[in-house]
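# Working through the structure, step by step
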Amino acid sequence: MSKLKRGTIGKEKRTLHPNSKENLRLGPSSLMQGKKPKVRHNFTLFEETVKWLQKHKSASAKIDEVVRQIREGHLVAVQEVPNTFEKIADLQKELKQIRGKLKKVVKLLDEALPLPAKGGVIKDKIKEALAVLN
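About the cut-offs
Residues numbered from 1 in each chain as written. Predicted model: local features only at pLDDT ≥ 70, side-chain atom pairs only at ≥ 80, totals over all residues. Heavy atoms only, no water. Helix = DSSP H or I, 4+ residues; strand = E, 2+ residues; numbered from the N terminus. Contact = heavy atoms within 4.5 Å. Salt bridge = Lys/Arg side-chain N within 4 Å of Asp/Glu carboxyl O. Buried < 20%, exposed > 50% of the residue type's maximum accessible area, 1.4 Å probe, protein only.

Bringing the environment of Val132 into the picture now. As for its placement among the helices and strands, Val132 is situated in helix 5 (residues 121-133). Separated by 31 residues in sequence, Val132 and Lys101 have C-alpha atoms that sit 6.2 Å apart. Ignoring any residue separated from it by four or fewer positions in sequence, one finds Val132 in contact with Lys101, Lys104, Val105 and Leu108.

For the structure shown, the criterion picks out two salt bridges. Of the charged contacts, one joins Arg68 and Glu65 as a salt bridge, the two residues approaching to 2.4 Å between their closest N and O atoms. With a gap of three residues between them, Arg68 and Glu65 both fall in helix 3 (residues 59-71), about one helical turn apart. For the salt bridge of Glu72 with Arg68, the shortest nitrogen-to-oxygen distance reads 2.7 Å. Its relative accessible area of 46% is what places Glu72 among the partly exposed residues.

So this is what it looks like as structure tokens:
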């Protein structure tokens, strides 16, 4: 049996990496974020997510911020309504028609204002305006 210890293949003597000593010196408090401990995980992300995270100083802090906003209800899932764009187009057409009718009614009522109250002329103008609205 060889005199080499496990993990020392190709090396005669095991050595410590300088960063190991630094991490030990900092102690467990360096792994804390507030009162909660930090934990390292590996995830598979979309390329666009990685690019977005790289734009920020601390990707971990940004992910924590997004999760906090989701929990507080600031970020919610968007539910798409079927035929949304068609409904919007129909509503825009209807809005144009209503605006056109309102312009006609305003014009008819403006014409009715100077008319004398006696006789049926003013009543005819008001009936005409109401017919446009219906």
